[in-house]
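The residues making up each chain are set out below.
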Amino acid sequence: MFHRIRRRRAAEPSELERHSHEAYMRVAGQTPPEVERMRAAQQPAEPAPMVDDLLPPELRVPSHDQLDGRMMPWPWPIVLDGEVVACAGCGAYRDWLILSTRDQIWLRCRTGHQQHEARLDTAWYNRHAGPADAHHTTFEDCLRHLGH
């Protein structure tokens with residue numbers, strides 16, 4: 001009534017069978033032919049040709065070690081530890097330029113006073129900064145670009 005169902009063996013051995021066979025061959029001190037074929041297939045016959053960068057030089061973005069610093073406008077008040085940060089020189093509390101240079105954060109008010117803010121770090125700057133829209137050779141050029 002019930003006939004035995006014979007399963008045909010797959011043409012390729014399963015992964016478990018392959019691993020078992022390889023382990024057996026290692027114990028026996030032999031390298032299985034499948035492994036040798038795989039190693040030969042993975043090694044290119046000749047080295048790949050050298051390819052130039054995909055982007056032309058004018059489209060490449062400088063890396064962090066090639067920049068002296070980054071800055072971004074921050075029109076809102078900065079609240080740290082429950083208090084609003086104010087400029088030590090003029091008392092301004094909004095419309096900042098935030099400068100990130102040498103793992104330090106500096107705040108610059110509209111009138112040009114700068115103060116180091118030790119409670120902010122580069123990670124905070126990176127979380128809040130958008131992509132750079134321009135690169136400038138001098139600090140004054142960047143200030144002009146940002147309207148300060």
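In what follows, the accompanying structure is described. Starting from 1, residues in each chain are numbered consecutively following that chain's sequence as written. Where totals are concerned, whole chains, interfaces and linings use all residues; where local detail is concerned, this predicted model gives features only for residues with pLDDT of at least 70, and gives and counts side-chain atom pairs only at 80 or more. Side-chain metrics in this entry use all non-hydrogen atoms of the structure; hydrogen atoms and water are not considered.

### Focus: the overall build of the protein
Then, in step 1: Counting its regular elements, the protein contains 4 helices and 6 strands.
Then, in step 2: Starting at the N terminus, helices and strands are each numbered in turn, a helix being any DSSP run of H or I of at least four residues and a strand any DSSP run of E of at least two. Secondary structure of the protein in N-to-C order comes out as α-α-β-β-β-β-β-β-α-α.
Then, in step 3: Remark: exposure states derive from per-residue accessible area (1.4 Å probe, protein chains only) relative to the maximum for the residue type, with buried under 20%, exposed over 50%, and partly exposed in between. Considering the protein as a whole, with its 148 residues, one finds that 19% of them fall into the buried category.
Then, in step 4: Contact between two residues is taken to exist if any of their heavy atoms lie within 4.5 Å; hydrogens are not considered. Counted over contacts in the protein with a minimum sequence separation of 6, partners at least 24 positions apart contribute 43%.
Then, in step 5: Working definition of accessibility: Shrake-Rupley area with a 1.4 Å probe, residue cover restricted to the visible protein chains. Of the roughly 12500 Å² of accessible surface on the protein, 53% is carried by carbon and sulfur atoms.

### Overview of the sheet that holds strand 4 (residues 96-101)
Hydrogen bonds between backbone atoms are what pair the strands of a sheet, whose relative direction is either parallel or antiparallel.
Then, in step 1: A pair of strands is labelled paired if DSSP reports no fewer than 2 bridges between them. On the basis of which strands lie adjacent, the open sheet formed by 4 strands has the order 1-4-5-6 and antiparallel pairing. Lying at the two open borders of the sheet, with one neighbouring strand each, are strand 1 (70-74) and strand 6 (114-116). Ignoring which end each strand starts from, the neighbouring axes of this sheet average 25° apart.
Then, in step 2: Where strand 5 (residues 104-108) and strand 6 come together, 3 bridges link them in antiparallel fashion. Bridge pairing links Trp-106 to His-116 in strand 6. Lines fitted to C-alpha atoms define the axes here, with helix axes fitted over just the stretch in contact, and angles between the N-to-C directions of these axes take values from 0 to 180 degrees.

### Some thoughts on the side chain of Glu-117
Then, in step 1: Within the secondary structure layout, Glu-117 lies in the loop between strand 6 and helix 3 (122-128).
Then, in step 2: Given a relative accessible area of 7%, Glu-117 falls into the buried group.
Then, in step 3: Nitrogen and oxygen atoms within 3.5 Å of one another constitute a polar contact, given that in protein one can donate a hydrogen and the other can accept it, and given that sequence-neighbouring residues count only through two side-chain atoms. A distance of 2.9 Å separates polar atoms of two side chains, one belonging to Glu-117 and the other to Arg-119.
Then, in step 4: In contact with Glu-117, not counting residues within four places along its chain, are Leu-80, Val-85, Ile-105 and Leu-107.

### Details of unusual backbone geometry
Then, in step 1: Phi angles above zero are rare outside glycine, and Arg-102 is one such case at about 50°.
Then, in step 2: Backbone geometry places Asp-103, a non-glycine residue, at a positive phi of 60°.
Then, in step 3: Here Asp-103 is to be found in the loop between strand 4 and strand 5.
Then, in step 4: For Asp-103, a relative accessible area of 68% gives the class exposed.

### Some points on a nonpolar patch on the surface
Then, in step 1: Think of a patch as exposed residues, more than 30% relative accessible area, with no salt bridge, where like charges cluster within 9 Å and nonpolar side chains (Val, Leu, Ile, Met, Phe, Trp, Tyr) cluster within 5 Å. When a carboxyl oxygen of Asp or Glu lies within 4 Å of a side-chain nitrogen of Lys or Arg, that pair is called a salt bridge. Together, Val-79, Val-84 and Tyr-93 line one region of the surface with nonpolar side chains, adding up to about 270 Å² of accessible area.
Then, in step 2: Structurally, Tyr-93 can be placed in the loop between strand 3 (83-84) and strand 4.

### Some remarks on the environment of Cys-109
Then, in step 1: Structurally, the position occupied by Cys-109 is in the loop between strand 5 and strand 6.
Then, in step 2: Through-space distance from the C-alpha of Cys-109 to that of Tyr-93 is 8.1 Å; in sequence the pair is 16 residues apart.
Then, in step 3: Setting aside chain neighbours within four positions, we find Cys-109 in contact with Cys-87, Cys-90, Ala-92, Asp-95, Trp-96 and His-148.

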